[in-house]
Each structure stands twice: as structure tokens, then as C-alpha cells.
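If you want the building blocks of each chain, they are given just below.
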Amino acid sequence: MASIRLKFRPSATPGCEGALFYQVVHRRVVRMVHTGCSVQPGEWDGRAAAVRIVGPPRRQAQLRMVASKLRWGARLLARIVGEKEAAGLEYSADDVVACFLGCPPCPTLFGFARSQAERKEAMGRLGTAKTYRDAMSSFARFRGGEDMAIADLDADTLKAYEAWLRGRGLKRNSSSCYLRTLRTLYRRAVACGLAPAADVFGGVFTGFAKTPKRAVAIAGIKAVGRLALPQGSPLAFARDVFMLSLYLQGMSFVDMAYLRKADIRGGLLQYCRKKTGQCIAVAWEKPMQAIVDRYASKAAGPYLLPIITAADGTERRQYERAEHNVNRNLKKVGLMAGIGFPLTTYVARHK
């Protein structure tokens with residue numbers, strides 16, 4: 001069976017980094033494969049055949065990434081040898097090297113997540129792409145911007161990440177959302193053969209914790225509706241969006257943003273949910289029309305409300321910005337109406 005060792009070759013030029021190689025030995029034939037990594041002599045532990053993590057923090061981060069890539073390469077070589085042994089076929093050291101060189105370079109977690117987000121974006125799955133980017137942005141902050149090989153993601157790192165999230169004030173369901181996204185990316189990497197099929201997420205919470213329904217009593221809704229707010233102001237618009245969501249049986253903000261004037265016909269509002277594609281019909285009543293009429297001059301395009309105002313490819317960014325502003329103003333409206341918890345468009349869905 002072929003053996004694999006990691007070797008360091010110092011540079012002939014003083015002060016320069018030396019190269020790191022994998023040594024593949026099979027039936028007394030020795031072949032060397034460059035790892036693509038290099039370190040200073042003082043950063044190499046010859047006895048342990050491993051990289052020493054020394055120096056200032058920035059250099060330590062670089063060396064940890066080097067060590068991560070070296071572990072990935074060693075595992076890949078071991079897997080290649082194991083597959084050839086299991087097949088019971090004759091092979092040489094050159095065959096092992098050829099297989100190794102034919103594999104893609106070490107996939108890093110950040111790079112893989114970026115590629116998956118771009119893939120989802122190309123498929124039109126903009127929400128999923130954003131979820132991937134948000135999760136990796138959070139994990140990158142936890143890591144201090146330090147990338148790692150996907151195969152090095154382990155249970156201890158994930159437990160530390162979960163504790164970090166909770167330490168920043170995130171609720172259990174919020175931290176679970178980030179961890180579920182990481183788990184999705186990891187499973188995708190496993191399916192692509194880029195990571196071992198290990199249950200590294202077993203020690204963290206990736207479920208759904210029960211939360212109390214955030215519903216407003218009828219008296220609270222009436223108080224919101226009776227508020228004397230300046231017509232055309234951001235506060236009035238936020239209140240009107242909240243009331244319209246209630247009238248439309250708890251319609252989500254994204255669905256309201258994409259409502260078109262042509263969706264109202266025959267006394268019905270007919271639309272398809274963005275999240276599920278389910279087609280829904282709701283009776284169109286006078287209070288709904290009254291709200292729409294107040295913003296008719298601003299909704300000059302095909303959309304019913306002045307949330308998406310330009311069909312230029314930035315529609316998602318427009319409604320996300322509008323949703324942020326509406327929720328920020330709804331919290332002010334809730335305080336003015338004497339509601340004891342933050343008022344958001346999500347509350348209208350529960351009611």
C-alpha cells in the first residue's frame with residue numbers, strides 16, 4: 001500500500017520561504033507532489049511534519065489556512081490510495097499522483113459558499129442566495145475573516161459559533177437559522193465530494209423553538225387605525241401597509257410589494273405567493289381600495305403600491321429597503337398606539 005508523507009524543502013535563498021511537498025511512496029518508487037504552499041523554515045516542525053502556527057495574528061491566520069489545505073490534500077491522497085486498494089487493481093505512485101493532480105484545488109468554506117450563492121442567483125433563487133451570503137457573512141465575522149477548508153469544519157467550531165451567536169443576543173431560532181444554512185452548504189459540499197460525510201452539526205441546535213404568537217388585540221388594531229398621522233408621511237405609509245396586510249388575511253410584505261394593478265379584477269385580488277407559488281384569491285373591499293387610492297399618484301408603474309418603483313433589475317433591493325423602513329416606522333406607530341411589543345409587518349400575519 002502506498003504511503004504518504006509531508007516534506008519541507010528549504011529555499012536556497014536565505015530568508016525566502018521553502019516549499020511543501022507530499023511524498024508518495026509505492027513499491028520503492030518515490031514521487032513528489034507540490035502542495036502549492038510554502039512557509040518559512042521557522043514555521044515548520046520537522047519532527048511532527050506539521051506547520052507551526054507562530055508569528056503575529058495575521059501570519060497565524062495565513063498559516064492556519066496553509067495547515068488546513070495540507071490536511072485536505074493528505075486526506076484526498078489517502079482516499080485515492082484507499083479506493084485503488086479497494087478495487088484490487090495494480091497501480092503505481094504515478095497513478096496516485098495523476099489522480100491527485102486531476103482533482104480541483106482545495107475548496108475553502110467562503111469560496112464554496114460564494115459559488116453556491118452565485119449559482120442560486122443564476123437560477124433566479126435570489127432569496128436563497130441572500131440567505132447563503134448572510135450566513136457566511138456572520139460566520140466570517142465569527143472567524144475574524146479567516147477562511148478554512150470545508151473539510152476542517154468540525155463540531156467544536158460549530159459549538160463555538162453557536163455560543164458566539166447567542167452571546168451577541170440572538171435568539172435560539174435566529175442562531176438556528178444561520179446554523180441550518182451552514183448545514184445546507186456543508187451537505188452540498190459532501191454531495192460534491194469536497195467534505196467527509198460526518199455529523200458535525202449534531203451538537204448544535206438546528207431546529208425550530210416554539211415562540212409565542214405576536215398578535216395584536218382588536219383594541220390595539222383600532223388604536224393603530226385611529227392614529228392621526230400626517231398624510232403621505234413615512235409613519236402613515238407604514239400604518240397603511242400594516243392595515244392592508246391585515247385586510248388581506250395577513251399577506252406578507254414581499255407579496256404586497258409585487259402586487260400589480262392588473263391583479264384586481266371582478267371584485268377579487270388574485271395573486272401567487274412568492275414563497276410557495278400558491279395562487280390565492282381575496283375579496284377586494286372598500287377599505288383596501290381606500291388605502292391604495294391614497295398612494296395612486298406615487299404608484300405610477302404596474303405595481304399597486306409605491307414600494308417597487310423601477311423595473312430595472314433592482315426590484316428585490318427596493319422592496320427589502322422599503323420593508324426595513326416600514327418596520328422601523330411601525331415600531332414608532334406601535335409605541336404611539338400603546339402596544340406593548342414591537343409592531344412589525346410580521347405581527348399583521350399572526351393577527
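Here is a short report on the structure shown in this document. (Residues numbered from 1 in each chain as written. Predicted model: local features only at pLDDT ≥ 70, side-chain atom pairs only at ≥ 80, totals over all residues. Heavy atoms only, no water.)

## So, the packing of helix α5 (residues 155-167) against helix α6 (residues 172-191)
Here's step 1: Running from amino to carboxyl end, α5 crosses α6 at an angle of 145 degrees, the nearest separation of the two axes being 9 Å. The chirality of how α5 crosses α6 is right-handed. Packed against α5, whose contacting residues are Leu 158, Tyr 161, Glu 162, Leu 165 and Arg 166, the element α6 presents Arg 172, Ser 175, Tyr 178, Leu 179 and Leu 182 at the interface.
Here's step 2: In terms of residue class, the contact of α5 with α6 is built from six nonpolar, one polar and three charged. (Axes fitted to C-alpha atoms, helices over the stretch in contact; angles between N-to-C directions. Helix = DSSP H or I, 4+ residues; strand = E, 2+ residues; numbered from the N terminus. Left-handed = near helix turned anticlockwise from the far one by under 90°. Contact = heavy atoms within 4.5 Å. Nonpolar A, V, L, I, M, F, W, Y, C, P; charged D, E, K, R; others polar.)

## Brief notes about the pattern of salt bridges
Here's step 1: Tallied over the full model, the rule gives 15 salt bridges.
Here's step 2: Arg 75 is the partner of Asp 152 in a salt bridge, and the nearest nitrogen-oxygen pair spans 3.2 Å. With Asp 152 in the loop between α4 (126-142) and α5 and Arg 75 in helix α1 (residues 57-87), this residue pair connects regions lying 77 residues apart in the sequence.
Here's step 3: We classify Arg 75 as partly exposed; its relative accessible area is 36%.
Here's step 4: Between Glu 83 and Arg 79 there is a salt bridge; the shortest N-O distance is 3.9 Å. (Salt bridge = Lys/Arg side-chain N within 4 Å of Asp/Glu carboxyl O. Buried < 20%, exposed > 50% of the residue type's maximum accessible area, 1.4 Å probe, protein only.)

## Structural notes on unusual backbone geometry
Negative phi is the rule for most residues except glycine; trans is the rule for most peptide bonds.
Here's step 1: Backbone geometry at Arg 28 places phi at a positive 70 degrees, although glycine is not the residue there.
Here's step 2: Its identity as a non-glycine residue notwithstanding, Ala 49 has a phi of 50 degrees, on the positive side.
Here's step 3: Position of Ala 49 relative to the elements: it lies in the loop between β4 (44-45) and β5 (50-51).

## What to know about the pairing of strand β8 (residues 279-283)
Here's step 1: The pairing of strand β7 (residues 268-272) with β8 spans five bridges and is antiparallel. Along β8, the bridge assignment pairs Tyr 271 with Ile 280. (Pairing = 2+ DSSP bridges.)

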